[in-house]
Amino acid sequence: MIKVLIVDDEKLERVLISKGFPWEEHGFQIIGEASSGMEALEFIKHRRPELIITDINMPHMDGLKLAEHIYSLYEKVHVIIITGYREFEYARQAVKLGVEDFLLKPVDMNELSDIAARIKMKIGKEKAHEQEVEMLKQNVSADQDILMESFFQRLVEQRITKEEAEKKLHAYSCEALLDSCCCLSIHIKEENQDMEPHKKAMKLFREHEIPQTISFLHYMKHMIIFCVGSSVTKGKEIAREFHQVLSDNRLSAIIGISGIQHGFWGIGTAFTESEHALSASVLLGGNQVITYEEYLRVKEKNPGKLMFDWDDFLFSLTNGISERVWTFIEDYISGIRNSKVTEVEYLRLMTMDLTSKAGSTLHKYGDSLEQLIGEEALYEGIRGIQSLEDCRRFLKDCMNLILDYHNGKKTKQGNKVVREALSYLNENFCDPNLSLKTAAANVYSNESYLSRVFKKEVGLSLIEYVMKKRIEESILLLNTTDLKVYEIAEKVGFRDSHYFSICFKKHVGVTVKEFKQR
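Computed from a predicted structure; not experimentally measured. (Residues numbered from 1 in each chain as written. Predicted model: local features only at pLDDT ≥ 70, side-chain atom pairs only at ≥ 80, totals over all residues. Heavy atoms only, no water.)

A count of helices and strands for the protein gives 23 helices and 11 strands. Across the protein, every contact between residues at least 6 apart in sequence was considered, and the portion connecting residues at least 24 apart equals 66%. Within the structure as shown, the protein displays about 27,900 Å² of accessible surface, and the carbon and sulfur contribution to it stands at 51%. (Helix = DSSP H or I, 4+ residues; strand = E, 2+ residues; numbered from the N terminus. Contact = heavy atoms within 4.5 Å. Areas by Shrake-Rupley, 256 points an atom, 1.4 Å probe, with all protein chains shown as cover.)

Shown next, in the form of structure tokens:
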């Protein structure tokens, strides 16, 4: 219903307009009457009518002055002027103010019906437009949130350049993160698969409006909070207070807290420290706040340093190079054995460290090791480790699951990459500058990966395939043109006609001259 206010200093006129027209049947509701301009302004302030019908000739404040006040305060109110005066000047002033229409006394109800219908349609369109604008704002806001979340995910994993990070942080008004920060990594136990506890936790945190904090969801399992500025030193206090909020809302959570870090590289370090702190929950228990210092105290039992090439290990795991993965696992086991630490807790912590790191390779697909194995099964498996052999067996089971996952992804991606590479090669095989490097760059792939999947899918190496296409094209030219050998060689991508002749003989079985004489 469109809300209507009737303004007239004469009671009878107000009654005639109010009772003389079936307002509700036409989608309107009379919400009040006023006998003066001042009374009308006070009513409008509290009730906000959408349509005001006012007499023009009233003491103290006439209808035109009232309309002027209304439009200066409320843009979306519609005004109809009722007047007994026919002077043009009134009409001109009213139109200038933005008055919708005029009604002459005595009011003709048919005329009122026509004007009401026009205004109703206009208000309907305005509301529809407002809804579209609001929807657009919400979509833009949602898109902005997604972009920011994606940026922070890449930032904490150091998958972004320093220059781009600084530019984006300034754009998002988060440049304080570059000075100093403390990271809180929050893992919430999913009691019910139909619920989204991390989104609920995020909503609870933002409702508390804790100043100088940056919060976002990191893929599907963790909520990340960065404390910046003066809140850095309060990181532990913020973590414990928020843990209590989560508990009050029946959410079981582990919060890992980093130390205080500085600068661009400190952002990734803080994130890694908070993740390490989380991993210590296997030994220290769940549903609590764990600091990076507590994690280090557990690791202090190790008298030596375990040397491990994490980048190479994760690359091998992600790209399905199982032989190297198993070599790394054995090296890791040997490192634990050589540390001479006999405590079972240390063995479990080292196992959790490696599985946590390996599981991070699933994040870019929105998955986690907890989802592949099951959260309870994962932690029970680690807690069940009693010996180095148990450790080896558990790690191999986990790595097999992760390798199978990545191989399944790579098969789909490999097929797509090969299709794109074939399309590029078929169009450019006559280009003398064509190479594995240029082909890989064109399809946005790693050279080694493209070479491997291409050979697997096509049965020929990429270079062999290009050579085959060039020889086939040269045969076509020999059969259909009178071009000289060096001209054909040049057309199909050979810079050296002598080398072309050698390749032709090797693939066709006869020389170019012998082929032409057939």
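So, on to helix α19 (residues 447-458). Each full turn of the α-helix corresponds to 3.6 residues, which orients residues three or four apart in the same direction. A rise of 1.5 Å per residue sets the reference length of α19, with its 12 residues, at 16 Å; its end C-alpha atoms lie 16 Å apart and thus fit the reference within 8%. Between a side-chain oxygen at the N-terminus of α19 and the backbone nitrogen of S448 the separation is 2.9 Å; the capping residue is N446. (Expected span 1.5 Å × (residues − 1). Polar contact = N/O pair within 3.5 Å; in protein donor to acceptor, adjacent residues only side chain to side chain.)

Close contact between helix α20 (residues 462-480) and helix α22 (residues 497-508) brings their axes to 10 Å; oriented N to C, the two are set at 95°. By the criterion of interaxial angle, the relationship of α20 to α22 is roughly perpendicular. In this structure, α20 contributes M467, I471, S474, I475 and L478 to the contact, and α22 contributes Y499, F500, C503, F504, H507 and V508. For the contact of α20 with α22, the class distribution of residues is nine nonpolar, two polar and no charged. (Axes fitted to C-alpha atoms, helices over the stretch in contact; angles between N-to-C directions. Parallel < 35°, antiparallel > 145°, perpendicular 65-115°, else oblique. Nonpolar A, V, L, I, M, F, W, Y, C, P; charged D, E, K, R; others polar.)

Let's shift gears to helix α2 (residues 37-47). Those residues of α2 that fall on the buried side of the exposure criterion are G37, A40, L41, F43 and I44. Projected onto a plane normal to the axis of α2, the buried residues spread over an arc of 165° and lie on a single side. Of the exposed residues in α2, the ones pointing more than 90 degrees away from its buried face are M38 and H46. Structurally, α2 contributes buried residues whose contacts are with β1 (2-7), β2 (28-34), β3 (51-55) and α3 (63-73). Where α2 ends, the next residue or the one after it, R48, has phi of about 50°, a positive value. (Buried < 20%, exposed > 50% of the residue type's maximum accessible area, 1.4 Å probe, protein only. Arc of directions from axis to C-beta.)

Moving on to the confidence of the model for the protein. Low pLDDT means the predicted atomic positions in that stretch should not be read closely. Scored by pLDDT, the protein comes out at a mean of 83, with 89% of its residues at no less than 70. Strand β10 (residues 261-262) holds the highest mean pLDDT among the elements of the protein, 93, whereas helix α4 (residues 88-97) holds the lowest, 61. (pLDDT = per-residue confidence, 0-100.)

The tally for this structure, following the rule as stated, stands at 16 aromatic pairs. In this structure an aromatic cluster arises from ring pairing among F494, Y499, F500, F504 and F515. Seen from the ring of W326, K396 lies directly overhead, with NZ or CZ sitting 5.8 Å from the centre. Cation over ring: R470 sits above F494, and NZ or CZ is 5.8 Å from the ring centre. (Phe/Tyr/Trp six-rings, centres within 6.5 Å; stacked < 30°, edge-to-face > 60°. Lys NZ or Arg CZ within 6 Å of the ring centre and 35° of its normal.)

Quick look at the pattern of salt bridges now. In the structure shown here, the tally under the stated rule is 13 salt bridges. Between K203 and E207 there is a salt bridge, with the nearest N and O atoms lying 2.7 Å from each other. Placement of the pair is K203 and E207 together in helix α7 (residues 197-207), with a separation of four residues, close to one helical turn. One salt bridge in this structure joins R392 and E330, with 3.1 Å as the shortest N-O distance. Placement of the pair is R392 in helix α17 (residues 388-428) and E330 in helix α13 (residues 322-338), with a sequence separation of 62 residues. For R392, a relative accessible area of 15% gives the class buried. Judged by its relative accessible area of 28%, E330 is partly exposed. A cluster of three or more residues bridged by salt bridges with shared partners is formed by E330, E389, R392 and K396. (Salt bridge = Lys/Arg side-chain N within 4 Å of Asp/Glu carboxyl O.)

Hydrogen bonds along the backbone pair up the strands of a sheet, which may run parallel or antiparallel. The strand order across the open sheet built from five strands is β2-β1-β3-β4-β5, with neighbouring strands paired in parallel fashion. Strands with a single pairing partner mark the edges of an open sheet, and in this sheet they are β2 and β5 (101-104). With direction set aside, neighbouring strand axes in the sheet form an average angle of 20°. Examined bridge by bridge, β1 and β3 share four bridges and lie parallel to one another. The partner of V4 across the bridge, within β3, is L51. Contacts between α2 and the sheet are confined to β1, β2 and β3, with β2 contributing the most and set at about 135° to the helix. Of the strands in this sheet, β1, β3 and β4 (78-83) are in contact with α3, which crosses β4 at around 175°. (Pairing = 2+ DSSP bridges.)

Positive phi, normally seen in glycine, also occurs at R250, with a value near 60°. Locating R250 in the fold gives a position in the loop between α8 (235-248) and β9 (253-257). Taking the relative accessible area as the measure of exposure, R250 reaches 77% and is therefore exposed. In this structure, Y444 is a non-glycine residue whose phi angle is positive, near 55°. Tracing the chain through its elements places Y444 in the loop between α18 (436-442) and α19. A relative accessible area of 79% places Y444 in the exposed class.

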